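A look at the structure
Listed here are the chains, written in short residue letters.
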Amino acid sequence: MTYFAFTHSQAVKTKQRLKSLERHGLRVDRLARENLRAGAVAGAGLDWPNYDGRRLTKAYAEFKKRNDVDPRKGAQLLHSIGIGVSPRWIRETGDLHDPANPRNVQVFDAAIAWVKSFAGDDAIVSARMDLDEEGGGWVDVYFAPIRE
């Protein structure tokens with residue numbers, strides 16, 4: 001059996017885009033509502049432990065305050081990276097949408113550790129693993145590299 005790991009990244013350049021990403025995570029935009037799995041609780045998933053991963057604008061404000069940073073005018077605010085694995089791999093140890101499935105936890109923790117490895121220990125703004133959609137095995141990590 002072949003399994004895959006994959007990523008997708010993009011710069012978050014504006015506060016408007018940041019708010020759009022937050023609306024999606026909070027399940028208030030049309031696309032998020034359309035992608036909900038039948039019977040799923042909207043917003044079910046794993047959030048990065050130190051912040052509510054769905055309240056991205058609040059997490060970003062706290063990140064800037066914590067690190068005493070303020071991006072220059074016109075600079076991108078942060079990066080968004082989606083990190084995924086084959087859902088089949090997660091299903092080997094339980095339900096794809098179970099937050100207690102050890103492979104969901106493993107992927108979530110590994111995604112955060114990987115971003116910290118190249119962006120810095122305090123680079124994570126927020127992270128979440130949505131478990132209320134049809135698919136699975138995907139972690140959204142929002143970060144701004146911090147290195148001295």
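Everything below is about the structure printed above this text.
This text gives an overview of the structure that appears in the document. These figures come from a predicted structure and were not determined experimentally. (Residues numbered from 1 in each chain as written. Predicted model: local features only at pLDDT ≥ 70, side-chain atom pairs only at ≥ 80, totals over all residues. Heavy atoms only, no water.)

**Quick notes on the pairing of strand E3 (residues 78-85)**
Judged by how many residues are buried, E3 sits mostly within the fold: 7 of 8 residues are covered. Bridge count for strand E1 (residues 5-12) against E3 is 8 bridges, and the pairing is antiparallel. Bridging across to E3, Phe6 finds its partner in Gly84. Across 6 bridges, the pairing between E3 and strand E5 (residues 138-143) is antiparallel. Bridged to Gly84 within E5 is Trp138. (Buried < 20%, exposed > 50% of the residue type's maximum accessible area, 1.4 Å probe, protein only. Helix = DSSP H or I, 4+ residues; strand = E, 2+ residues; numbered from the N terminus. Pairing = 2+ DSSP bridges.)

**A look at the packing of aromatic side chains**
Tallying each qualifying case throughout the model produces 3 aromatic pairs. Ring geometry for Trp114 against Phe118: centres 5.0 Å apart, planes inclined by 70 degrees, an arrangement best described as edge-to-face. Here Phe118 and Trp114 lie together in helix H5 (residues 102-119), a separation of 4 residues that amounts to about one turn. Judged by relative accessible area, Phe118 falls into the partly exposed class, the value being 40%. (Phe/Tyr/Trp six-rings, centres within 6.5 Å; stacked < 30°, edge-to-face > 60°.)

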